[in-house]
Each structure stands twice: as C-alpha cells, then as structure tokens.
Amino acid sequence: MANRGGFSSKFGFIMAAAGSAVGLGNIWGFPYEVGQGGGAAFVVIYLLFCFILCFPVMVTEIAIGRKTQKNPVGAFNSLGYKNWNIVGRLGIFSGVLILSFYNVIAGWAFGYIFEMVSGNFGIAEKFGEYITQVFKVGAYGIIFMTVTAYVVSKGISGGIERAAKLLMPTLIGMMLILVIYSLTLPHSMDGLKFYLIPDFSKLSGSVIYNAMGQAFFSLSLGMGALITYGSYVGKSDNIISSAAFITLADVGIALLAGLMIFPLIGYMSAGTMEGAGRGPGLIFVTLPQIFGTIGGGLGIASGTIFFVLLCFAALTSTVSLLEVPVAYVVDEMKIRRARAVWLVAALIFVIGIPSLIGNGYSDFFSTNFITYKEGGQDTDFLSFVAALANDSILPLGGCLISFFAAHVWKKHNLDEELSIGAPGYKGSFVQKYLNFAIGYFAPIVLTSVFIFTVLFKFFGIQIL
Ligand code: PFF
C-alpha cells in the first residue's frame, strides 16, 4: 500500500468519500430532478432507493476496493475473475463521460462566483445567454479541470483528503443559513408543501427511473469510484458504519438543498411554484434572484460564498471522478501518477467540448444531436451523455457489481471482508439484509431499471 498512498485516517476516508458523493448532483441536480419529477413523490422514491438499494451497493464497492487495493479493473483481476473486469472498464468509461459534462457545469458555477462578486444578480435572466458564451465558460472549465488535476496529482492524503476535511463542514453551515433565510420569506410554505407533501398521482415510470439514476449519481455508485477510494482504506476501518455515514451525509445535503431552493421558488412565484420544473438551469436562475433580493453587500457576500462553496463541493467530486481513470492508468499501464493525471484530464476536457458547445452555441450539439423516437423530442449532447452515463450505465454497473459479489466472488468472501473492523457484523440483521439485497434485490431491480430506462430514453418505448 505504501507506494500507492492511502488515507491517513478513517475520518479522512469518510470525508473524501462523502466529498465525492456530495457535489453538483446534490445541489444542482437533486432540486431540478425533484422539480421535474413533480415534487415530494420523487423525494420519497429517491430516499427509498438510497437506503434500501444503494447503501448495500456502496458497502460492496468499498469492500471490493479494500480487499484488492486496486482500481476497478485491477480489482476484478486480482480476485481472479479477469472476464469480469469488463465491469471495471464500463465504470471507467462512464466516469470519463460523467466528468466530461460535469466539468462543464462546474465551469458555469465557477463563473458565477465572478458574477456574484460584481453584484450582477441579473445573470439569472441571462443564464441562457451566459452558457452560449463558450469561450468564457470554456475558460472557466479549463481552470476547473486544471485545479482538479492538480489536487489529484498531489495524491490521496495530501490533496484529496485535506481539501475534503475542511470544505464539507463549511458547506453545510452555509446551506443551513440559507435554508433559514428562505423559510422566512412569504410563500415559502407553498414551496415546502410542493417539496414535502407527496402527491403520488405524479408518479410515473420515468420518475422512478430518474430517481434511481439520481440516487446512483449522487452517491457516486456504479462506476467503481468507491472501489477506488475503498482501495486506499485501512484494514481496521468499519466499512458498514463508514458507508452509513456517507449515505446519510449525501442524502442529508441533497435534502438540505431542496429545503433551500423550494421555499425560494415558492417566494419567487408567489406560491404558484411555476418554474420548479425548469430543469438544469434551476439553481443558476433561482439563486441569483434570491441573492438579489437580499441585495447590497450582504447579497453579494452570500452569493459569492455560496458559489465558492458549490465549486468546492464540485471539486471534491471531480477529483474522485478523475481519480478513477488515473488509478487505472497508474496501476495497469504503469505510467507515473503526475503524467497520467495531466494526460487523462486533457483528454476528458476534449471529450467534454460537445457538451460545452451544445447549449445554444452549436445547433448540432444543442438540439439536433439525437431525436428520441417517441414525441420526436430533440436532445442536446450534455443531456444525452447524462442519460447514457448516469441513468443507464451506473445502474447497470451497480447491478453487475452486486451480482458479482454475491454469486461469483461469493457472499462468504464479502462477509469476511466486511467483518474486518466490524466485529458484530456476522449474524447481525445488517448482514442478513445485505446478503438479500446484494444477492437478489439489487440485481433484479437494477436490471429492470436498466432495461426500462434504455427502452424509454433511447428508443421511446414506455413500458411503465
Ligand atoms: N456524486 C457526485 C455528485 O453528486 O455531484 C457525482 C459523482 C462523483 C458521480 C463521482 C460519480 C462519481 F464516481
């Protein structure tokens, strides 16, 4: 382990893994998915998925990582199942895709820091135009990718762990203040109702698949990110309690983001909740408006601090996204870490260019890239990549990882690894539930979700 580096403490690992989980997915993605999915009913489904399905997958990923101390491809090889390393390859592929568009959105958020500093709250109305300025937002994207690569090049405990330990607690504090503020505004209760009182008539098949995709994305599951982070974890750590903490932290911050945004939308729409279903632009439009209503120095300060923290949250995620292909290149191709980092980062930036220019700048990548069969709906490149990676490959990866652990590597080996550092694990209810979830529940549910999502998203066939 010495030459690969490792987390210096259990706390460091938990913070880094929670840092990976908590990111744009929670603060940018979750509220807009809730808005589009009709509100609280989406939230309920999402929570169920996180706890009963994703948590067992998370435990499994960390266990495989710690057992093998390898990247997602090397992990399957070192357990002796070379054929299965395709799952690791799939994970690395989806990580590359995710980072390619994630960095674009992180670049938008980064640029917002400067808009807030200069008090330009009117950017809310001009968001659509802002993202077509590809040279400007592209430069922000280059800066973001460079910082990510720098942190990753510093290795595990020096870069990743140190950054995460400081930033996560600050982010939570800032969000709590904004939640309290937004709850004091008129019509905030209409927002809360939309967010917290479920109307199950709004549930449809696609709401369910999107909730699953969102849960996987938000918890950084299904692509081996946690196999990779797990590979740096010490043998004395309790994987179950670490995974529980990471899940709770991630879900907690997503819920907090909703508590911050929906009362604001209630206020801005005078209670009609119009605009809640706006989609990916949601926080980029709603939040500056609200900082504008705070106004003055306080508005500028809170807007700036918020977007700085959002960028830090995104950074601890981009770092983990980049770490996955880098660990693979370092371990399997024997390229030096520093060189691998810059090569991979540059390549991913280039892959992200269509996502960058597909928001109004290039017609082809903005609207004509793919037309879904049913309804003839046009889709931009970024949404297409997100549907492919987040909603399709991640659940598929999670399904294969669970099936592998339970039926190929075998449950007793998994249990053995999990009981290291967790003396009470064997014979406990948690063990029984994990065995059931990983062996049967997750593979069946995830296979169904995968099939339904692909049929619906790419072929326009709606079964449910
Ligand atoms: N979980 C991150 C977020 O919610 O923003 C995104 C992510 C990071 C997904 C790392 C997957 C991953 F491996």
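Structure report, in brief.

Rules of the game
Residues numbered from 1 in each chain as written. Predicted model: local features only at pLDDT ≥ 70, side-chain atom pairs only at ≥ 80, totals over all residues. Heavy atoms only, no water. Helix = DSSP H or I, 4+ residues; strand = E, 2+ residues; numbered from the N terminus. Buried < 20%, exposed > 50% of the residue type's maximum accessible area, 1.4 Å probe, protein only. Contact = heavy atoms within 4.5 Å. Near = heavy atom within 4 Å. Polar contact = N/O pair within 3.5 Å; in protein donor to acceptor, adjacent residues only side chain to side chain. Areas by Shrake-Rupley, 256 points an atom, 1.4 Å probe, with all protein chains shown as cover. Nonpolar A, V, L, I, M, F, W, Y, C, P; charged D, E, K, R; others polar. Axes fitted to C-alpha atoms, helices over the stretch in contact; angles between N-to-C directions. Parallel < 35°, antiparallel > 145°, perpendicular 65-115°, else oblique. Left-handed = near helix turned anticlockwise from the far one by under 90°. Core = buried A, V, L, I, M, F, W, Y, C linked by side-chain atoms within 4.5 Å.

### Thoughts on the side chain of T304
Right, on to step 1. Secondary-structure assignment places T304 in helix α14 (residues 296-333).
Right, on to step 2. Given a relative accessible area of 15%, T304 falls into the buried group.
Right, on to step 3. Ignoring any residue separated from it by four or fewer positions in sequence, one finds T304 in contact with I113, M116 and V117.

### What to know about helix α19 (residues 411-419)
In an α-helix there are 3.6 residues to a turn, and that puts residues three or four apart on one side.
Right, on to step 1. Taken together, the buried positions of α19 are L414, D415, E417, L418 and S419.
Right, on to step 2. Tucked inside the fold, the buried residues of α19 contact α3 (40-68), α12 (239-268), α18 (381-408) and α20 (429-459).
Right, on to step 3. Immediately downstream of α19, the backbone of G421 shows phi near 85°, a positive value.

### Digging into the site of the ligand
Right, on to step 1. Residues in close proximity to the ligand total 15 residues, the closest being A21, G25, Y102, F217 and S218.
Right, on to step 2. Within the backbone of S20, one N or O atom sits 3.2 Å away from a nitrogen atom of the ligand.
Right, on to step 3. Within the contact set of the ligand, an oxygen atom lies 2.7 Å away from a backbone nitrogen or oxygen of G25.
Right, on to step 4. Coverage of the ligand by the protein chains reaches 100% of its 340 Å² of free accessible surface.
Right, on to step 5. Among the secondary structure elements, those contributing two or more residues to the shell around the ligand are α1 (10-21), α2 (24-36), α10 (205-218) and α14.
Right, on to step 6. Broken down by class, the residue content of the shell around the ligand amounts to seven nonpolar, eight polar and no charged.

### Remarks on the side chain of K457
Right, on to step 1. Inspection of the secondary structure assignment puts K457 in helix α20.
Right, on to step 2. On the basis of relative accessibility, which here comes to 13%, the residue K457 falls in the buried class.
Right, on to step 3. Reaching out from K457, the side chain makes a polar contact with the side chain of D391 at a distance of 2.9 Å.

### So, the packing of α12 against helix α13 (residues 282-294)
In a packed pair of helices, the relevant descriptors are the angle between the two axes and the axis-to-axis distance.
Right, on to step 1. Across the interface, α12 lies against α13 with an axial gap of 10 Å and an inter-helix angle of 70°. Taken as axis vectors, α12 and α13 run roughly perpendicular relative to one another. α13 is crossed by α12, and the crossing has left-handed handedness. Between α12 and α13, the contacting residues are M260, I261, L264, I265, Y267 and M268 on the first element and L282, I283, T286, L287, Q289, I290 and T293 on the second.

### So, the nonpolar core
Right, on to step 1. Among the nonpolar cores identified, the biggest contains 159 residues, and F284, L287, F306, F307 and L322 are the most heavily contacted of them.
Right, on to step 2. Setting aside its immediate chain neighbours within four residues, F307 contacts A109, Y112, I113, M116, F284, L287 and F291.

### A few points about unusual backbone geometry
Right, on to step 1. Even without a glycine there, the phi angle at H187 is positive, about 65°.
Right, on to step 2. The partly exposed category is assigned to H187, whose relative accessible area is 40%.
Right, on to step 3. A positive phi angle, close to 65°, is found at M273, a residue other than glycine.
Right, on to step 4. Residue position: M273 is located in the loop between α12 and α13.
Right, on to step 5. A relative accessible area of 10% means that M273 is categorised as buried.

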